[in-house]
Amino acid sequence: MTPLSVGLGDLATTFVNGVSYGMILVLVALGLSLVFGLMGVLNFAHGALFMLGGYIGLAVMKLTGGGMTGFALALVVAPLAVAAIGAGLERTVYKPLYETEPIYQLLLTFGLAVVIEEAVKYIWGAAPPGVPPRPAVFDGAVVFMGISLPYYRVFTILLGVAVVAGTALFLSRTRFGLIVRAGVYNTDRTATLGLNVERAFTAVFGLGAFIAALGGVVYIYRAIEPSVGASIILPAFIVVIVGGLGSFWGSVIAGLLIGVIWQFAAVYAPVPAGTVIFLVMIAVLLLRPQGLLGEAEVEV
Amino acid sequence: MVEIDRRRLLKAASATGVAGLTGLAGCLGGGGGGADSLSIGVVTDTSGPYAHLGNSVIRGIKLGLAQSLDADTEGLADSNTVEGSGITVEILAEDSGLAADTGRQKARKLVQSDEVDILQGSVSSSVAAAVQDVATDASTPMFVDTAAATSLTGENCNKYTFRTSQTTYQDALAGGQYAAENLGSSFYFVGADYSWGHDSVAQWKSVIEENGGSAAGESFVSPGTSNYTPYLQNAEESGADSIVVALTGTDGIRFSRDLADFGTDFEVTATGVTTVPWMQQVGTAATGFSGIPKYFWPFPDNSTNDWIIEQYSSQWNAVPSIFTAGAHAAGYAIGQGMQSAGSNDADPLIEQWHGMTIEKTARGDGAYTIRECDHQAEFPMYLGHFEETSGGSMDVEPVLDDTFEAESSIRPCGETGCSGIEL
Amino acid sequence: MSYIERSNELFESVKTPYIGAALLALVAVFPLVANAIGGLPFLTSIAIEMMIFAVFAMSFNLLVGYTGYVSFGHTVFLGSGAYMTAVLMKKFSVPFIAAAPAAVIGTGLFALVVGAIAFRRSGVYFAMITLGVAQVFYTLFQSWNYVGGDTGIIIDPPVVFGYEFNPFEPMGYYYLALATVVVTYLFTRYLVRSPFGHVLQAIRENEERARAVGYSVRTFKLAAFSVSGGLAAVSGVLYAAYFTQVAPGSTLYWTTTGDGLFMILIGGMGTLVGPIIGSVFVIGTQYALSTYLVDFIPEGAPALVARLPERWPLLLGLLFMLTVLRFRSGIAGGLGFSRVRSIDDVLTRVSGSAETEEPTVKSDGGDER
């Protein structure tokens, strides 16, 4: 099918497209990784918060009449709203479970994902919603050395970089960040040092929800419907696992790497692309069980 | 709040017994009445990602019944009963999600506990196959209204199964011929990586090749894929000048976004992709698609279609879906059959539907004929593209390019895999 | 805790056999009574589905509750059993009576292979490897023509010694499923109380110590995984026989594993009867909500209320959350069956991070050697 003669140009194109896809994965997985790092729980509801962010963003855009202003407002309002919802959920439904076994938190998030998705259908309907026209700024593509990269992907990449940088600064420069990093290392000991771990939990959960919702708003111009949350959650899990559970930079690298590997597999490999990320994950877990950067991060 | 929910749950749980008991009384359940009453059990997705299609189908059946029975359409949106010309038809809808096992249990329930006279469904071909299996075993007629797998009226055809929606082959015959004649000479195929996608690609490919086009390559994409650049890249490397896409739901939406953003100059046609929600999301990116073999509400110019659009917008504040026309035809055929047969028994009704020309349909008077050889309806196929528009709730509108005669957009009786139907 | 332990003892020692026998008798005559008063085919068919998934949940519980390893891909063994049965019957004309044991043994071996890979890791990693395996099979089967793609394989109801099973008169299925549930229950009870079961529980409590004592931990875990997979295949065989259609969306997709976890949790994890109760409750609630909720909405109710029946999974999700938040010992726990102590121990493994941080994890890698 694919011609055997593969020029450098094709490889470069594949690589660039893979990186831009990987950045979407990073955006989706980063909040999940943060929450895992502190709470030790894979949050099944993360995809639902992502989707909820998209729907709230859409509501904001419709209220403000769409356009660039509406989209910009959505990028601010929806993440804040979902962060508030996430923080509220952390206080009310997650918190009572901190003393119990982690599987209960996992199962709770499983139920919460269903509840959020169904609530969105209940409010906005089950069908894919109408979306206002994308601001014309995003039409077209940058062409560099024969490789074209659409403006919307450029925007997504830049936003991803900003989120990664912002979160890294938050973790390294703020008091919350310090508590979070200490909490990742050892929750009990951090608490005994008199640090307010509880508030850090709430803040991190809110931050995770914020990033998820930001991705959701960006995804409005990919495709939005109630079940997109459920369809992005497994790839997001895989990124977090491959990166090393709870490792911030691990998730960033894993997202980009999986994006590139997937892209090459989809272009050149004869296996169904849908199986690729699972096979990659299994291989990584067998060869390097702690993930790419898992161990290093825990020992920080 | 939580308390109320729990009480409701318990109430519902205890109701399992009660409702089951009323079911065994038979006549109370709706079916089994005189010749002037009938019940239809619809098994479809009313809660999942294709709930909008499932609901549009239920509405289509109601409209078809109402029109054939000359019923009052007032309050049709909130009622499960259509009454007119001395006939009462009850519609019992059951949610299958997209699960074949749930669909099968619901179909069994409709046949046994509710004693429905006719089964109908389903969005997913997998669920439709389950419902067909139950209907056939229970000697209950079934109308397929959404699922496009050719096998339902092909290898698995039988006297009980009828289909008024289009098969993947009807799409492929109309769309493939049009594509080979108008959209280029070399084609790349992108299909969803499950049976429907594989069937569609194989059928479009064979039709295009028969009509002088050539196949440059193909890719299959897992549902839920969020990046379509590898397939566009492969299409470009293959040297094709056109792409045929067979994707559904949000996969089709994301493909269309990537297609528009990467500014490729492919001609693109599609099956499955172009639904109304798709138009509402991709907006002007829809204009990249042409030669689409689908019913869109503005295409047919006749009084029945006008009536459907008017009813649909006043009752449900929406435009009909691409499956409403077929569901309406099924509803109309059921009403028409009951009036001609003067009975609600399966055999006389099947005799009516066997070879029936449906009087009023969205594609025109007498435009649907249920073939005797496989019980698949043949009907004219429309081909259209999308143009930007201002005003209205959408940025684009479908525009009709061509109409294919019914006979030329369906496989001849000998080639369907159906070994014939004996009444 | 102490109350539960006390009542637990009571139940286990005195009441259980009698209550069990009484319940069994009730269940056994249910379709007969139903039939005598005119037949309740839908309720009987839901009861059969409950029993099929009760076997699945019991097999899952054997793994989760007694070895402490949580798999996210357990449905692949239900699917394997169902697909092997259907393929043997449809493509090779093997009679059901021969296809069924072949599918169970075949799946047991398949589980051995999966286990050999997955048990190189533990905790979340183990869970994700099993999930990966199941999803790969799901993806491949969706488009594999030989097994019917996403529509799956449709078979005829089985005929055993001249008796034709009939989905429309499901008495045969009912007693077949009931017998399977009873046998599976007795088998798992025997297993967890046998020396083999004690070793498993020792591994669950402290894998290191079990190893130090001299048990070949890996062999025991693999054996348990294989038996658990084989039991899941038993439910798969029943599934194929009863539904007569085996499709990837219902038997291989990860949400079926999720349903299984829900059943175990709501029924009472780590108890023998919990999975049965959980299956009955979960499937009963699903059908009650999706079928009958609509009958409770008054005419002319406001739109938000009228839309509720369409959104029945919302209520199920809330119920799920409520169970996790307030009702963690499950129904069996509420009835006094729970073994609270073991549940707590069981679940430590699920926390991947806790493990990575604990020194035990390093030695966990010792499995590979």
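Residues numbered from 1 in each chain as written. Chains lettered and ligands numbered in written order. Predicted model: local features only at pLDDT ≥ 70, side-chain atom pairs only at ≥ 80, totals over all residues.

Trainee: What should I look at first to understand the overall build of chain B in this one?
Mentor: Within chain B one finds 12 helices and 15 strands. Taken against the 2.2 N^0.38 rule, which gives 22 Å for 423 residues, the C-alpha radius of gyration of chain B at 22 Å falls within 12% of a compact globule. Looking at chain B as a whole, 66% of its 423 residues are labelled buried. For chain B, restricting intrachain contacts to residue pairs at least 6 apart in sequence, the fraction spanning at least 24 positions comes to 67%. (Helix = DSSP H or I, 4+ residues; strand = E, 2+ residues; numbered from the N terminus. Rg over C-alpha atoms; globule rule 2.2 N^0.38 Å. Buried ≥ 20, exposed ≤ 12 C-beta atoms within 10 Å, placed from the backbone. Contact = placed C-beta atoms within 7 Å.)

Trainee: I keep staring at the overall build of chain A and nothing clicks. Help me out?
Mentor: The secondary structure content of chain A amounts to 12 helices and two strands. For chain A, the C-alpha radius of gyration of 19 Å lies close to 19 Å, the compact-globule estimate for 300 residues. Based on the C-alpha atoms only, the size of chain A along its principal axes is roughly 60 × 50 × 35 Å. Burial analysis of chain A (300 residues in total) assigns 61% to the buried set.

Trainee: What am I meant to see in the UniProt feature "domain: Leucine-binding protein" (unreviewed entry) in chain B here?
Mentor: In the UniProt entry, the feature "domain: Leucine-binding protein" (unreviewed entry) is given for residues 38–387 of chain B. In the segment residues 38–387 of chain B, helix accounts for 41% and strand for 22%; the C-alpha atoms at its two ends are 43 Å apart. (UniProt positions renumbered as here; feature names shortened; annotations may be inferred.)

Trainee: Honestly, helix 10 (residues 248–268) of chain A in this entry has me stumped. Any pointers?
Mentor: An α-helical segment advances 3.6 residues per turn. Residues three or four places apart therefore align on the same side. Taking 1.5 Å of rise per residue, the 21 residues of helix 10 of chain A would be expected to cover 30 Å, and the 30 Å separating its terminal C-alpha atoms lies within 8% of that figure. Burial runs high along helix 10 of chain A: 16 of the 21 residues are buried. (Expected span 1.5 Å × (residues − 1).)

Trainee: What's the story with helix 14 (residues 312–326) of chain C in this structure? I'm lost.
Mentor: Residue and element names in this part refer to chain C. Between its terminal C-alpha atoms helix 14 stretches 21 Å, which fits the 21 Å expected from 15 residues at 1.5 Å a residue. The element helix 14 is extensively covered by neighbouring structure, given that 12 of its 15 residues are classed as buried. Those residues of helix 14 lying buried are W312, P313, L314, L315, L316, G317, L318, L319, F320, M321, T323 and V324.

Trainee: Even after reading the chapter, I still don't get the interface of chain A and chain C, so can you show me in this structure?
Mentor: Where interface size is given, it is often the accessible area lost as the parts come together that is meant. Tallying the contact residues gives 38 residues for chain A and 37 residues for chain C. Secondary-structure elements contributing two or more residues to the side of chain A that touches chain C are helix 4 (102–124), helix 11 (273–287) and helix 12 (294–298) of chain A. Per-element tally for the side of chain A that touches chain C: the top contributor is helix 4 of chain A, with 15 residues. Grouping the amino acids of the side of chain A that touches chain C by side-chain chemistry returns 27 nonpolar, eight polar and three charged. (Nonpolar A, V, L, I, M, F, W, Y, C, P; charged D, E, K, R; others polar.)

Trainee: Would you mind going over the UniProt feature "transmembrane region" (unreviewed entry) in chain A with me for this structure?
Mentor: All names here are of chain A. On the UniProt side, "transmembrane region" (unreviewed entry) is annotated at positions that read residues 20–41, 48–65, 71–89, 151–171, 200–221, 233–261 and 267–287 here. Helix makes up 91% of residues 200–221 and strand makes up 0%, while its end C-alpha atoms are separated by 33 Å. Helix makes up 86% of residues 233–261 and strand 0%, with an end-to-end C-alpha separation of 19 Å.

Trainee: Could you clarify how one ought to interpret the confidence of the model for chain B in this entry?
Mentor: The predicted coordinates should not be examined in detail at positions where pLDDT is low. Residue and element names in this part refer to chain B. Across chain B, the average pLDDT comes to 86, with 91% of residues at 70 or higher. Per-element mean pLDDT across chain B ranges from 34 in helix 1 (residues 2–24) up to 96 in strand 5 (residues 142–144). Per-residue pLDDT stays below 50 along residues 1–33; that stretch engages in 55 contacts with residues further than four places along the chain or on separate chains. (pLDDT = per-residue confidence, 0-100.)

Trainee: I would appreciate a short explanation of the sheet that holds strand 1 (residues 37–44) of chain B in the present structure.
Mentor: Consider a sheet: its strands pair through backbone hydrogen bonds, and that pairing is either parallel or antiparallel. Residues and elements named next belong to chain B. Strand order in the open sheet made by the six strands is 2-3-1-4-5-6, with mixed pairing throughout. On the outer flanks of this sheet lie strand 2 (81–84) and strand 6 (161–163), each paired with one strand and no other. Strand-to-strand twist of the sheet, defined as the mean angle between neighbouring strand axes without regard to direction, takes the value 20 degrees. Of the strand pairs in this sheet, strand 1 and strand 3 (residues 87–95) are connected by eight bridges, and their pairing is parallel. Looking across to strand 3, one finds that T44 is bridged to D95. (Pairing = 2+ DSSP bridges. Axes fitted to C-alpha atoms, helices over the stretch in contact; angles between N-to-C directions.)

Trainee: Please explain the packing of helix 5 (residues 168–182) of chain B against helix 6 (residues 195–210) of chain B as it appears in this structure.
Mentor: A pair of packed helices can be characterised by two numbers: the angle between their axes and the separation between those axes. Residue and element names in this part refer to chain B. One way to put it is that helix 5 packs onto helix 6 with a least axis distance of 8 Å and a crossing angle of 40 degrees. By the angle class used here, helix 5 and helix 6 are oblique. Our pair here, helix 5 against helix 6, has a crossing hand that is right-handed. Facing helix 5, whose interface residues are T168, Y169, A172, L173, G175, G176, Q177, A179 and A180, helix 6 presents W196, D199, S200, Q203, W204, V207 and I208. (Parallel < 35°, antiparallel > 145°, perpendicular 65-115°, else oblique. Left-handed = near helix turned anticlockwise from the far one by under 90°.)

Trainee: Explain the interface of chain B and chain C to me, please; I cannot follow it from the model alone.
Mentor: Listed by partner, the interface residues are 40 residues for chain B and 43 residues for chain C. Counting only elements with at least two residues in the side of chain B that touches chain C, the list comes to helix 1, strand 3, helix 3 (100–112), helix 4 (125–137) and helix 6 of chain B. At 12 residues, helix 1 of chain B tops the list of elements feeding residues into the side of chain B that touches chain C. Of the residues that constitute the side of chain B that touches chain C, the class distribution is 16 nonpolar, 13 polar and 11 charged.

Trainee: When you look at the sheet that holds strand 9 (residues 242–246) of chain B in this model, what are you seeing that I'm missing?
Mentor: Residue and element names in this part refer to chain B. Sheet architecture is open: four strands sit in the order 8-7-9-10, paired in parallel fashion. Among the strands making up the open sheet, the edge pair consists of strand 8 (214–221) and strand 10 (267–271). In this sheet, adjacent strand axes meet at a mean angle of 20 degrees when their direction is disregarded. With seven bridges joining them, strand 7 (residues 186–192) and strand 8 adopt parallel strand pairing. Bridged to G191 within strand 8 is F220. Across the sheet, helix 5 lies against strand 7, strand 9 and strand 10, angled at about 170 degrees from strand 10, the strand it touches most. Running at roughly 165 degrees to strand 7, helix 6 makes contact with strand 7, strand 8, strand 9 and strand 10 of the sheet.

Trainee: How should I be thinking about the confidence of the model for chain A in this particular structure?
Mentor: All names here are of chain A. For chain A, per-residue confidence averages 84 on the pLDDT scale, and 90% of positions sit at 70 or higher. Looking at the elements of chain A, mean pLDDT is at its lowest for helix 12, recorded as 44, and at its highest for helix 2 (residues 46–63), recorded as 96. The low-confidence segment residues 1–7 (pLDDT under 50) makes seven contacts with residues lying over four places distant or belonging to another chain. Across residues 296–300 the pLDDT falls below 50, and counting only partners more than four positions away or on other chains, this stretch makes nine contacts in the model.

Trainee: What's the story with the domain arrangement of chain B in this structure? I'm lost.
Mentor: All names here are of chain B. Entries for chain B in the domain assignment read domain 1 (31–165 + 323–379) and domain 2 (169–298 + 381–409). At the interface, 11 residues of domain 1 touch nine residues of domain 2. Residue composition of the side of domain 1 that touches domain 2, grouped by class: six nonpolar, four polar and one charged. (Domains from an automatic or database assignment.)

Trainee: Would you mind showing me how to read the environment of A192 of chain B here?
Mentor: Mapped onto the elements, A192 of chain B comes out in strand 7. Note: C-alpha distance between A192 of chain B and F220 of chain B (28 residues apart in sequence) is 5.4 Å.

Trainee: Could you clarify how one ought to interpret the packing of helix 2 of chain A against helix 4 of chain A in this entry?
Mentor: All names here are of chain A. Packing of helix 2 against helix 4 brings their axes to within 8 Å, and their N-to-C directions diverge by 20 degrees. Judged by the inter-axis angle, helix 2 sits roughly parallel to helix 4. When the axes of helix 2 and helix 4 are compared, the crossing they make is left-handed. Judged by residue contacts, G47, A48, M51, L52 and Y55 of helix 2 engage L112, A113, I116, E117, V120 and W124 from helix 4. Within the contact of helix 2 with helix 4, the residues separate by chemical class into nine nonpolar, one polar and one charged.

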